[in-house]
Amino acid sequence: MNIYIEGLLKRYEKTVLNIEKLNIESGKVTAILGLNGSGKTTLLECIANIKNKDEGKIYYDGIEDFERVKNKIAIMQQRPYILNMSALDNIVLGLKYEGLDEKSINKRIEKYKEYYNLDFLHKNAKKLSGGETAKVALLRVAVLERPLLLLDEPTANMDIESTLMTEKLIKDINKKNKTTIVIVTHDLFQAQRLADLVIFMDKGKVIEYSLKDEFFSNPKNDLVKKILRRSDKND
Amino acid sequence: MEILKIVITSLYVSLTATFIASFFALVFGMFFLTKQFKLKDLFIKLFDSFTAMPPVLMGLLVFLLLSKNGPLGKYNLLFTPFAMILAQTLLVFPIIFTLMVKQIDKNALRIQKTCYMLGGRYKDFLTLILKECKNEIMTAVTSGFSRAISEVGAVMMVGGNIKGYTRVMTTFIALETSKGNFKGAVLVGVILLCISFIVNAILYNLKGREPNEYLY
C-alpha cells in the first residue's frame, strides 16, 4: 500500500508535525529515525488515524477516505494495550473479528511459531514480561497480514535474540506478502539492517528521506551527518 | 416474621434500585466514554456534584413528583415500594455513573482503538470493555448498593415507613430508636451490617482479582 501525505499538520500547544509532502513507497520497509519528540510516533499515529490531523491529507493507494482502507492497516503502538486475557487470545482476537474459523486461525498462528519461543501463549497477557508483551503486540498485528504494517519501536523491550528474530519476522512479512512496513526506531543499525528507505525527522519535519545506502553513505542534512559521524566515532 | 419482611423489602428496594441505576449508568457511561462532545466535561462535573445530593432533598423532589398535586400524582405511587426504588435509583445513579466513567475513562479510548484496529465493531468493543473493566464496573455498583441499602432519609419520606409494606431496615432502626427500643434497633442494625457485608463480598468476588495483584 502506497501512502502519500500532503500538508500534514498536527498541533498540541505547538506544532508537532509539519510535513509538506511525503511518499511512503508500496511494498518497501521504511524506517523512521529521529530524536525524542521529533514527531515520529505522531506521524505513525496520524497515518493509522489514531490521532486526528489538524490539516492536510493522507492518501492510501490514492484513497483519502480512511474508513475505506481501515481494514488494510495494522499498527503496533509504542505502549500497546494488552487485553486481560491469555496471550493467545490477544493474538487471535483480530482474526476472530475477521471471521476466520478455528482451523484457519491455527494454520495462521503456526506460520509465526518459528520466530519465537511461545511458551507463554496460555499465560494471562497482563502477567507477561516487557519482551513477551511486545511479542504478543507484534504478533497480534502481524497475523492479520494486512497490506500496511506500522510498527512503533517494536523491539524496544526485547533481548538481542528476540530483536534479531523480530527483524527476521519483519523482513519475511515484507518479502512474502509484499507488505508495506513503516517502522519507528531509535536504532541506526536496526534501520540499516531492515530498511529499504530511511526517513529522518526533526521538530516535526522530514529533514532527510532517501534510500538506505544513500542515507548512511551520503546524507544531505547537517544534523543527520553529525549524528552519523558521532555514531561512527562510537564504533 | 416482621423483621424478615423488613429485610426482604430492604433487599428488594435496594437491589432493584442498584440494578436499574447500574443499567442506565452503563448505557450512558458507554456513550460518554466513547463520544467526544462539547459539554461532556460539564455533564460529568454535574453528575459528580449530584453524588453529594442529600437523600432528604432527593426524597423531597420525588415526594413532590409523586404527591397528589405533582406531575405523577394521579398514579398514586407515593408511599409505595416503587417510590422508594425511584428515589434510591435517582440517588445512586450519579454515584455509579461518575465512578464508572472516571475509572474506565483512562482505558476506554485505548480499548476502543485496539478493538477497532483489530477489525472489531461497536458490539465487539462493548463486549471487550465490559470484560476489561469488570472490576471498575463492579466497584461502582458496589458503592451504589452500599449507598442504597444504608440510605434512610429519602425512603422514609417517599415510602412512609408503613409496617409490612414500605418499612425497611434503616427506617425500622430510626423508628425503634425514637421509641427507645434499642434492642430491636441494634438487632436490625447488625442484620443490616451482615447483609451489606455479604452482598459486598459477593460483588467483590464477582470482580475477580487483578492478574498482578499477588505478584509482589
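As a reminder, the structure under discussion sits directly above these lines.
Residues numbered from 1 in each chain as written. Chains lettered and ligands numbered in written order. Predicted model: local features only at pLDDT ≥ 70, side-chain atom pairs only at ≥ 80, totals over all residues. Heavy atoms only, no water.

Draft legend 1. Structural view of the overall build of chain B. A count of helices and strands for chain B gives 9 helices and 0 strands. For chain B, the sequential pattern of α-helices and β-strands runs α-α-α-α-α-α-α-α-α. With the principal axes as the frame, chain B shows a C-alpha extent of 65 × 50 × 25 Å. A buried classification covers 46% of the 216 residues belonging to chain B. (Helix = DSSP H or I, 4+ residues; strand = E, 2+ residues; numbered from the N terminus. Buried < 20%, exposed > 50% of the residue type's maximum accessible area, 1.4 Å probe, protein only.)

Draft legend 2. Examining the sheet that holds strand β4 (residues 55-60) of chain A more closely. All names here are of chain A. Strand order in the open sheet formed by 3 strands is β2-β1-β4, with antiparallel pairing between adjacent strands. Each edge of the open sheet carries a strand with a single partner, namely β2 (15-24) and β4. Each adjacent strand pair in this sheet contributes to an overall mean axis angle of 15°, direction not counted. Where strand β1 (residues 3-11) and β2 come together, 8 bridges link them in antiparallel fashion. (Pairing = 2+ DSSP bridges. Axes fitted to C-alpha atoms, helices over the stretch in contact; angles between N-to-C directions.)

Draft legend 3. Structural detail: the layout of surface pockets. Its boundaries defined by the atoms lining it, the largest pocket holds a volume of some 710 Å³. As for the largest pocket, its lining consists of 25 residues, and the residues nearest its centre are Asn49, Phe66 and Glu67 of chain A together with Lys113 and Tyr116 of chain B. Among the secondary structure elements, those contributing two or more residues to the lining of the largest pocket are α2 (66-69) and β5 (73-76) of chain A together with α4 (81-117) of chain B. A per-element tally of the lining of the largest pocket places α4 of chain B first, with 5 residues. Its residues assigned to classes, the lining of the largest pocket shows 10 nonpolar, 8 polar and 7 charged. By volume, the second largest pocket is sized at about 400 Å³. Elements with a minimum of two residues in the lining of the second largest pocket: α1 (40-47) of chain A together with α4 of chain B. Counting residues per element, the lining of the second largest pocket draws most heavily on α4 of chain B, which supplies 7 residues. Taken together, the residues of the lining of the second largest pocket break down into 6 nonpolar, 5 polar and 7 charged. (1 Å grid on protein atoms, 1.4 Å probe; cavity = no way out; pocket = protein on both sides within 12 Å on 5 of 7 lines; lining within 4 Å. Points joined across faces, edges and corners; volume = space filled by probe spheres on them. Nonpolar A, V, L, I, M, F, W, Y, C, P; charged D, E, K, R; others polar.)

Draft legend 4. Local environment of the sheet that holds strand β8 (residues 197-202) of chain A. All names here are of chain A. Ordered in space as β5-β6-β7-β3-β8-β9, the 6 strands form an open sheet in which the pairing is mixed. Edge positions in the sheet fall to β5 and β9 (205-211), since each has one partner strand and no second. Ignoring strand direction, the axes of neighbouring strands in this sheet form an average angle of 15°. Both strand β6 (residues 148-152) and strand β7 (residues 180-184) contribute to a ladder of 5 bridges, which runs parallel. Of the residues in β7, the one forming a bridge with Asp152 is Val184. Helix-sheet contacts for helix α5 (residues 130-142) involve β5 and β6, and the interaxial angle to β5 is about 175°. (Contact = heavy atoms within 4.5 Å.)

Function-wise, these values are silent; they only describe arrangement.
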